[in-house]
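In case you want the letters, here they are:
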Protein chains: 2
Amino acid sequence: MDCGDLFNPDCPTRLVLDRIADKWTVMLLVLLSQGPMRFSALKRATGISQKVLAQTLKRLERDGFASRAVFPTVPVTVEYLITPLGADLAQTLEGLRLWSERHIGAVLAAQRDYDAAA
Amino acid sequence: MDCGDLFNPDCPTRLVLDRIADKWTVMLLVLLSQGPMRFSALKRATGISQKVLAQTLKRLERDGFASRAVFPTVPVTVEYLITPLGADLAQTLEGLRLWSERHIGAVLAAQRDYDAAA
DNA sequence: GATGTTGGTTACCTTGGGAAACCAGATAGT
DNA sequence: ACTATCTGGTTTCCCAAGGTAACCAACATC
């Protein structure tokens, strides 16, 4: 697991982590990778606040991970779609999902042990 | 990429994301997976503040991802080591590191395009 | 006994996320 | 005409997470 230079703040891994390692970005990425979704559907699905959802979607669009499609219905319909780049990233995060399902028990057990010792 | 139910807040993926999807946890996990490291070395390597480093390491320990070894030298030496569980998680994140090195250019290009359009 | 070293903890301040209200644009109901 | 309603936001205000800097304990050295 050599990063070339993880100590360097311009290391690609650090740059990518700075973009996606927050509370909601990864979850939105995974949701959108399952299919297009409207703003309100994403809000309902995640429980994220409207403000931060708008912010986070803007960043996803800026980074080239998602795109916005506006349909002039009434009321207006806005759909968010994953891009090929975003889909590729979501695919590599699939491993994390599998890991979570396999090891969540071990994590929760570790937490219980740690809390019991204190 | 079916999560069973990513809409459910108790979905394993969401629980794991809640633990590791913050500014520093993933980077510390990757660093420790390369070998044991002392507190001050982690601080220098990441640029993280002392307070948040201590906090984050405590959480890593609680979640069973890292362990703390204190050597009664003078001044005291404290080493942080990755656990098998943490190493396993870091291994699945290796895919993310590879993805970053391959696609960071596309991300930065997308950002440039987006900013130019505005 | 002042100084330096490591690994923290404790103020203090600044930034980011959450809750709720408001807004635009257009239609439906009364 | 007027109010209500729907979507997709933005604005306002508040609180929590993170950063800065100072301090502390336990020694060892000068």
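Per chain, residues are indexed from 1 in the order of the written sequence. Here chains are named by letter from A upward and ligands by number from 1 upward, in the order in which they appear as written. Restriction of local features to residues with pLDDT of at least 70 applies here, the model being predicted, together with a cutoff of 80 or more for giving and counting side-chain atom pairs; totals for whole chains, interfaces and linings are based on all residues. Only hydrogens and water are removed before side-chain values are computed, so all heavy atoms of the structure are retained for them.

Naming follows an unreviewed UniProt entry, where chain A appears as Transcriptional regulator of Teichococcus deserti.

## A few points about the overall build of chain A
The test is simple: To qualify as a helix, a DSSP run of H or I must reach at least 4 residues; to qualify as a strand, a run of E must reach at least 2; elements of each kind are numbered from the N terminus. As a reference, a globule follows 2.2 Å times the number of residues to the power 0.38, and the radius of gyration itself is taken over C-alpha atoms. Only protein chains enter the calculation, and the probe is 1.4 Å; a residue is then buried if its accessible area is under 20% of its type maximum, exposed if over 50%, and partly exposed in between.
Regarding its fold elements, chain A presents five helices and three strands. In terms of overall size, chain A is more extended than a compact globule, its C-alpha atoms giving a radius of gyration of 17 Å where 118 residues would be expected to give roughly 13 Å. Seen through its C-alpha atoms, chain A measures out along the principal axes to roughly 60 × 35 × 25 Å. Counting the 118 residues in chain A, one finds 46% classified as buried.

## As for the nonpolar core
Most often, soluble globular proteins have nonpolar side chains that are buried together. Basically, it comes down to this: Grouping buried Ala, Val, Leu, Ile, Met, Phe, Trp, Tyr and Cys residues that are joined through side-chain atoms within 4.5 Å yields what is termed a nonpolar core. In this description, contact between two residues means that some pair of their heavy atoms is separated by no more than 4.5 Å.
Within the largest apolar cluster, 61 residues are counted, with the highest numbers of intra-cluster contacts made by Leu 42, Leu 60, Phe 65 and Leu 89 of chain A together with Leu 42, Phe 65 and Leu 89 of chain B. If we skip the residues at most four places from it in the chain, Leu 42 of chain A touches Leu 28, Leu 31, Leu 32, Met 37, Gly 47, Ile 48, Leu 53, Leu 57 and Tyr 80 of chain A.

## Examining the interface of chain B and chain A
Which entries qualify depends on this criterion: What gets called buried area is simply the loss in accessible area from a 1.4 Å probe that two parts show on being joined, summed for both. By definition here, a salt bridge exists when the distance from a side-chain nitrogen of Lys or Arg to a carboxyl oxygen of Asp or Glu is within 4 Å. N or O atoms closer than or at 3.5 Å make up a polar contact, with two conditions inside protein: a donor-capable atom paired with an acceptor-capable one, and, for residues adjacent in sequence, both atoms drawn from side chains.
Each side of the interface is counted separately: chain B has 53 residues, and chain A has 52 residues. A combined buried area of about 5,000 Å² lies between chain B and chain A, and 68% of that area is made up of carbon and sulfur atoms. At the boundary of chain B with chain A, the tally comes to two salt bridges. The partner of Arg 62 of chain B in a salt bridge is Asp 115 of chain A, with the nearest N and O atoms 2.7 Å apart. Where chain B meets chain A, there are twelve residue pairs in polar contact (both at pLDDT 80 or more).

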